[in-house]
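# A look at the structure
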Amino acid sequence: RAPRLAPVIENNILRVGQEAITNATKHAGARQIKVNLEFGEKQFCMRVWDDGCGFDPQNPPPSDGGFGLVGIRERAIELKADLSIHSIPGHGAEIALVVPLS
């Protein structure tokens, strides 16, 4: 059984995951979404992968009033986490969040 994390950490991880899944379904037209959670002794890692239309991470589409990639980045900073966003137009996306557990 995975250990409980501090409520602020759990909430931020949940919100990042929700936004990644929402983006994949609402904007990318994904047919498949995979979520992988890994609990380690020193870090927690969440990866959200989709097979949607993808986008250019250097020039993402504007947010339509939602949380968006900007919010994901802000939450990663709050968690002191490493965030990677990989996507290529036409080839889906992967968002990975690695949170240190100190």
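Residues numbered from 1 in each chain as written. Predicted model: local features only at pLDDT ≥ 70, side-chain atom pairs only at ≥ 80, totals over all residues. Heavy atoms only, no water.

## Considerations on the side chain of Glu-19
Note the following rule: For the purposes of this entry, the term helix denotes a DSSP run of H or I that reaches at least four residues, the term strand denotes a run of E that reaches at least two, and both are numbered from the N terminus. Here the term buried applies to any residue with accessible area under 20% of the maximum for its type, exposed to any over 50%, and partly exposed to those in between, with areas from a 1.4 Å probe on protein chains only. In this tally, Lys and Arg are treated as positive and Asp and Glu as negative; His is ignored, and so are the chain termini. The term salt bridge refers to a pairing of a side-chain nitrogen on Lys or Arg with a carboxyl oxygen on Asp or Glu at a separation within 4 Å. Whenever two N or O atoms come within 3.5 Å, that pair is a polar contact, provided that in protein one can donate a hydrogen and the other can accept it, and provided that, for residues adjacent in sequence, both atoms are side-chain atoms.
The topology assignment puts Glu-19 in helix 1 (residues 7-26). Salt bridges are absent for the buried Glu-19, whose nearest opposite-charge side chain, Lys-26, sits at 7.7 Å. Among the polar contacts made by the side chain of Glu-19, one reaches the main-chain amide nitrogen of Gly-68 at a distance of 2.9 Å.

## Topic: the sheet that holds strand 2 (residues 43-50)
What counts here: We call two strands paired when DSSP finds no fewer than two bridges between them. Here an angle of 0 to 180 degrees is reported between the N-to-C directions of two axes, which are lines fitted to C-alpha atoms, with helices fitted over the stretch in contact.
Taken in spatial order, the four strands line up as 1-2-4-3 in an open sheet, and their pairing is antiparallel. The sheet is open, and its two borders are formed by strand 1 (33-39) and strand 3 (82-87), each paired with just one other strand. Taken over all neighbouring pairs, the strand axes of this sheet differ in orientation by 10° on average, direction set aside. Bridge count between strand 1 and strand 2: seven bridges; the pairing is antiparallel. Considered in strand 2, the bridge of Ile-33 is made with Asp-50.

## Looking at a nonpolar patch on the surface
This is how the line gets drawn: Grouping into patches uses exposed residues only, defined as over 30% relative accessible area, and leaves out salt-bridged ones; the cut-off is 9 Å for like charges and 5 Å for nonpolar side chains (Val, Leu, Ile, Met, Phe, Trp, Tyr). Accessibility throughout is a Shrake-Rupley quantity obtained with a 1.4 Å probe, and a residue counts as covered only by protein chains that appear here.
Taken together, the side chains of Ile-21, Ile-33, Val-35, Leu-37 and Phe-39 make up a nonpolar region of the molecular surface, amounting to roughly 380 Å² of accessible area. Since its relative accessible area comes to 46%, Leu-37 is described here as partly exposed.

## Digging into helix 1
Just so we agree on the cut-off: Every helix has an expected span of 1.5 Å times one less than the residues it contains. Arc definition: directions from the helix axis to the C-beta atoms. Any two residues whose heavy atoms approach within 4.5 Å at even a single point are treated as in contact.
Across its 20 residues, helix 1 extends 28 Å between first and last C-alpha, which sits within 8% of the 28 Å expected from 1.5 Å per residue. Along helix 1, the positions that sit buried rather than exposed are Ile-9, Asn-12, Ile-13, Val-16, Gly-17, Glu-19, Ala-20, Asn-23 and Ala-24. End-on, the buried residues of helix 1 take up no more than an arc of 160°, which puts them together on one face. Of the exposed residues in helix 1, those oriented more than 90 degrees away from the buried face are Pro-7 and Lys-26. Check the buried side of helix 1 and you find it contacts strand 1, strand 2, helix 2 (68-79) and strand 4 (93-100).

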